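Notes for the structure review
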Amino acid sequence: MNWLTRIKKIGENIKFNIQKKFPSKKEQANSPWISCCSGPVLKSEIFNDEQLNTCPKCQKHYPFNPTERFNHFYGKNNYQIINTPSPPDDMLNFPGYKEKLERGRKLTGQHCAVVVAKGTVEGIDIISFAIDSRFNGGSINSAAGEAIVAAYQRAIDDQAAVVAWCEGGGQAMQESALSLHFMVKTVLAANTFKKNSGMPLINVYTNKCYGGITASFAGPSMADITLAEPSLVGFAGQAIVKNQTRENLPEGFQSSETLLDKGMCDGVYHRKEINKKIIGIIKLLLNKNSEVNSLKNEQTSEISIQTREAS
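Attention in this report is confined to the structure presented alongside it.

So, how was this worked out
- Residues numbered from 1 in each chain as written.
- Predicted model: local features only at pLDDT ≥ 70, side-chain atom pairs only at ≥ 80, totals over all residues.
- Heavy atoms only, no water.
- Helix = DSSP H or I, 4+ residues; strand = E, 2+ residues; numbered from the N terminus.
- Expected span 1.5 Å × (residues − 1).
- Polar contact = N/O pair within 3.5 Å; in protein donor to acceptor, adjacent residues only side chain to side chain.
- Contact = heavy atoms within 4.5 Å.
- Phe/Tyr/Trp six-rings, centres within 6.5 Å; stacked < 30°, edge-to-face > 60°.
- Buried < 20%, exposed > 50% of the residue type's maximum accessible area, 1.4 Å probe, protein only.
- Arc of directions from axis to C-beta.
- Salt bridge = Lys/Arg side-chain N within 4 Å of Asp/Glu carboxyl O.
- Axes fitted to C-alpha atoms, helices over the stretch in contact; angles between N-to-C directions.
- Parallel < 35°, antiparallel > 145°, perpendicular 65-115°, else oblique.
- Nonpolar A, V, L, I, M, F, W, Y, C, P; charged D, E, K, R; others polar.

**Thoughts on helix H6 (residues 176-197)**
Along its 22 residues, H6 runs 32 Å from first to last C-alpha, staying within 8% of the 32 Å computed at 1.5 Å per residue. Remark: Gly-198 follows H6 within two positions and exhibits a positive phi of approximately 70°.

Written out as structure tokens, the structure reads:
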């Protein structure tokens, strides 16, 4: 046994002993406990219909998968999942990518990271799409990009508003320029929708939203209104920014609250209240807000009376 083999064996022993001290990802997933603000907390206290995957103490927002999101937004089973295109897998033959896609599909039951749904909320037709970070970190590959384009096209066809629930790490590096070109295609789709439908587009940042997602269809200037749940939003991750600048990052760096403070976001709301805010804004933009209309009518009537009296 030469010295290189001995060092390798020592390293493997150290790695094995470290792994023994910490639970594996599988053990963490199967555990009834999760670590939060006050230490170990029962998952059942956070992941339920009342708390909506938020901590009751510190209000930390945990991921909300598309099914949970749509059930909460439209009402359980009060929506239709829209089928989206399925381009060929792994067109560049990237090593290990097919297996990664299969793991994502097995975990989520979806063919890509984006799910599109249509439903009616308070009499308003709404198309929404949600990104699922469980599927390869929510990366946007060709299938996910086509799903977003299909959502905007369906909204144009049905004259429906669009609500985009955005999270994820950006474009799928395994598809290189194929996924990168969807940064352009999704922006064109969003602009085509705004130009041809006259319906509102609401973008909502959730969980962690980074990379080519925030640099394209989820950019702060793309939507009519940009909202957020308490989340992290940026282009490059905090570790990369810190490594490149070699400076300590300010408190609250890349938080949705900081985006609001800097004018890059129009509002940050708890998951329990954000649906009401979204619907209120859509009603206002569509001139369907009864309170606003009543106020307008009162003001118009008063002006008419004053005009008649003056004449």
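**Here we look at the side chain of His-270**
Among the structural elements, His-270 can be located in the loop between strand S10 (267-268) and helix H10 (271-285). Of the polar contacts made by the side chain of His-270, one reaches the backbone nitrogen of Lys-272; its length is 3.0 Å. Beyond its immediate stretch of four places on either side in the chain, His-270 contacts Thr-54, Gln-59 and His-61.

**A short note on the packing of aromatic side chains**
Considering all chains together, one arrives at nine aromatic pairs under this definition. Measuring from centroid to centroid gives 6.0 Å for Phe-129 and Phe-217, while their planes differ by 65°, and the two rings are edge-to-face. Of the two residues, Phe-129 is situated in strand S5 (residues 124-131) and Phe-217 in the loop between helix H7 (211-214) and strand S8 (225-228); the sequence distance between them amounts to 88 residues. A residue is classified by how much of its surface remains accessible, and Phe-217, at 4% relative accessible area, is buried. Pairwise contacts between aromatic rings join Phe-70, Phe-73, Tyr-74, Tyr-79 and Trp-165 into one cluster.

**So, helix H3 (residues 66-74)**
Residues of H3 that are buried include every one of Pro-66, Arg-69, Phe-70, Phe-73 and Tyr-74, and no others. One face of H3 carries all of its buried residues, which in axial projection span an arc of 100°. Elements that come into contact with the buried residues of H3 comprise strand S3 (79-82), strand S4 (114-121), S5, strand S6 (161-168), strand S7 (201-209) and H10. Looking one or two residues beyond H3, the residue adopting positive phi is Gly-75, at roughly 105°.

**With respect to the pattern of salt bridges**
In total, this model carries nine salt bridges according to the counting rule given. With a shortest N-O distance of 3.5 Å, Arg-105 and Glu-102 are connected by a salt bridge. Of this pair, Arg-105 and Glu-102 are both found in helix H4 (residues 97-108), three residues apart, which corresponds to roughly one turn of the helix. Residue Glu-102 is classed as partly exposed on the basis of its relative accessible area, which comes to 47%. With a closest N to O distance of 2.8 Å, Arg-134 and Asp-132 form a salt bridge. On the basis of relative accessible area, Asp-132 is assigned to the buried category, the value being 3%. One salt-bridge network, in which partners are shared between bridges, spans Arg-69, Glu-229 and Arg-271.

**As for the packing of helix H5 (residues 142-158) against H6**
Any two packed helices are characterised by the angle at which their axes cross and by the distance between the axes. Axis separation between H5 and H6 bottoms out at 9 Å; the angle between their running directions is 10°. By the angle class used here, H5 and H6 are roughly parallel. Of H6, the residues touching H5 (which contributes Ser-142, Gly-145, Glu-146, Ile-148, Val-149, Tyr-152, Ala-155 and Ile-156) are Leu-178, Phe-182, Lys-185, Thr-186, Ala-189, Ala-190, Thr-192 and Phe-193. Of the residues that constitute the contact of H5 with H6, the class distribution is ten nonpolar, four polar and two charged.

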